[in-house]
Amino acid sequence: MSEHNDFIDKIPENKPVRVFLPVIDTEERLRVSCVLQKTKAPHFSLIFTPGTLPVDRIDNNASVIITIDLAGQIASIEANIIEILNGQTLDMVVQKTISHEQMREFFRVDCTLPILLRSVVPEAFGTEESKWKLTGTTVDLSGSGLRASFTSPPPENKQIRVELSLPTAVPCIVSILASPVRITQLTEKLWDAAYHFDDIDDEDRDSIIGCCLIAQRRLLRLKVKIKNGTGAF
């Protein structure tokens, strides 16, 4: 508990944050900006602009994920809702704190999406050799990296641009600068590659994390159904 208290204490007063709210009867998470107001750690409040908090749609039994930019380092909190106040304030208690280093493990989920790798050199300025493209499929995905499979060898020791098509409510394509962590040839025509995100827009990271949270929720529901022996989806 002292770890959670120390984390909350480090957050500046009235810090703008982004939250992923669980919604009743859907796996989608609603992303909303608000202000984190410290009370007595591990408790805190989230203050929303009037009219932006869908009180009747919030799933109070599921956790809320809050992402915070602390001097350029992204960290996250997993917290539970204690009470909804005045239609625009959530009284919260911390369940788990997630550092930037932990984000990849915490948010990493099995996820199959089309992926495109391309050179970081703009096509208008590149040579024919630098205008390469490589398509593949993601194996797992997180807010700070991914692993993917390719039928041709990806370039090694070279920063690349990753383009991902995300299955969000409004489909979007995110573009990320990334560097290879590991590239392994599995078979004659199959390569496995892991990448770390070097430069990613905050909105794009939020979209990826949102997709990961949806996938995690589906997996949790599957585990519960298997445990209960229903087998129904």
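Here's a quick rundown of the structure. (Residues numbered from 1 in each chain as written. Predicted model: local features only at pLDDT ≥ 70, side-chain atom pairs only at ≥ 80, totals over all residues. Heavy atoms only, no water.)

Examining unusual backbone geometry
Note the following rule: Put simply, DSSP H or I for four residues or longer makes a helix, DSSP E for two residues or longer makes a strand, and each gets a number counted from the N terminus.
Going from Ala41 to Pro42, the amide bond is cis rather than trans, its omega being 10°. With respect to the secondary-structure elements, Pro42 resides in the loop between β2 (29–38) and β3 (43–47). Although it is not a glycine, Asn14 sits at a positive phi angle of roughly 50°. When you line up the elements, Asn14 lands in the loop between α1 (2–10) and β1 (15–22).

Observations concerning a negative patch on the surface
Spelled out, the test is: Only residues whose relative accessible area exceeds 30% and that take part in no salt bridge are eligible for patches, with like-charged residues grouped when within 9 Å of each other and nonpolar side chains (Val, Leu, Ile, Met, Phe, Trp, Tyr) grouped when within 5 Å. Note on areas: Shrake-Rupley, 1.4 Å probe, and residue coverage restricted to the protein chains presented here. Salt bridge, as used here, is a side-chain nitrogen of Lys or Arg placed within 4 Å of a carboxyl oxygen of Asp or Glu. Working convention for charge: Lys and Arg count positive, Asp and Glu count negative, and His plus the chain ends are omitted. Note that the charge is assigned to NZ on lysines, CZ on arginines, CG on aspartates and CD on glutamates.
A surface patch of negative charge is lined by Asp69, Asp198, Asp199, Asp201 and Asp202. Mapped onto the elements of the fold, Asp69 is located in strand β4 (residues 64–70).

Topic: the sheet that holds β2
Hydrogen bonds between backbone atoms are what pair the strands of a sheet, whose relative direction is either parallel or antiparallel. In plain terms, the rule: A pair of strands is considered paired only if DSSP assigns at least 2 bridges between the two. Only the stretch in contact is used when a helix axis is fitted, and all axes are lines through C-alpha atoms; the angle between N-to-C directions ranges over 0 to 180 degrees.
In space, the 6 strands of this closed barrel follow the order β1-β2-β3-β6-β5-β4, with antiparallel pairing throughout. The mean angle between the axes of side-by-side strands here comes to 45°, regardless of whether they run parallel or antiparallel.

So, the pattern of salt bridges
Rules: Each residue gets one of three labels from its accessible area relative to the maximum for its type: buried under 20%, exposed over 50%, partly exposed in between, using a 1.4 Å probe on protein chains only.
What the rule picks out here adds up to 7 salt bridges. Notably, a salt bridge pairs Glu163 with Arg118, separated by 3.0 Å at the nearest N-O pair. With Glu163 in strand β11 (residues 160–166) and Arg118 in strand β8 (residues 114–118), the pair connects residues that are 45 residues apart, well separated along the chain. For Glu163, a relative accessible area of 22% translates into the label partly exposed. Under the relative-accessibility criterion, Arg118 is labelled buried at 16%. It is possible to trace a salt-bridge network through shared partners that takes in Asp140, Arg147, Arg182 and Asp192.

Focus on the pairing of strand β5 (residues 73–85)
Relative to β5, β4 runs antiparallel, the two being bridged by 7 bridges. Paired with Val64 across the bridge in β5 is Ala79. Pairing between β5 and strand β6 (residues 89–98): 9 bridges, direction antiparallel. Residue pairing in the sheet places Asn80 in a bridge with Val93 of β6. Here β5 hands over to β6 after 3 residues, with Asn86 in that stretch at a positive phi of 55°.

Quick look at the pairing of strand β9 (residues 133–141)
Inspection of the sheet shows strand β7 (residues 109–110) paired to β9 by 2 bridges, in the antiparallel sense. Bridged to Val109 within β9 is Leu141. In this structure, β9 lies alongside strand β10 (residues 145–150), joined through 4 bridges in antiparallel fashion. What sits directly across from Leu141, in β10, is Leu146. If you look at the hairpin formed by β9 and β10, you'll find 3 residues sitting between the two strands.

Description of the environment of His43
Filter applied, for reference: Throughout, a contact is declared for two residues whenever any of their heavy atoms are within 4.5 Å.
Note that His43 resides in strand β3. Sequence separation between His43 and Met92 is 49 residues; the distance between their C-alpha atoms is 5.6 Å. Contact partners of His43, with chain neighbours within four places excluded, come to Ile82, Met92 and Val93.

Focus: the side chain of Thr138
Heads up, the rule is: N or O atoms closer than or at 3.5 Å make up a polar contact, with two conditions inside protein: a donor-capable atom paired with an acceptor-capable one, and, for residues adjacent in sequence, both atoms drawn from side chains.
Note on placement: Thr138 falls in strand β9. A polar contact is formed between the side chain of Thr138 and the backbone oxygen of Cys111, at a distance of 2.6 Å. Reaching out from Thr138, the side chain makes a polar contact with the backbone nitrogen of Leu113 at a distance of 2.8 Å. Excluding residues that lie within four positions of it along the chain, Thr138 makes contacts with Cys111, Thr112, Leu113, Ile115, Arg147, Ala148 and Leu164.

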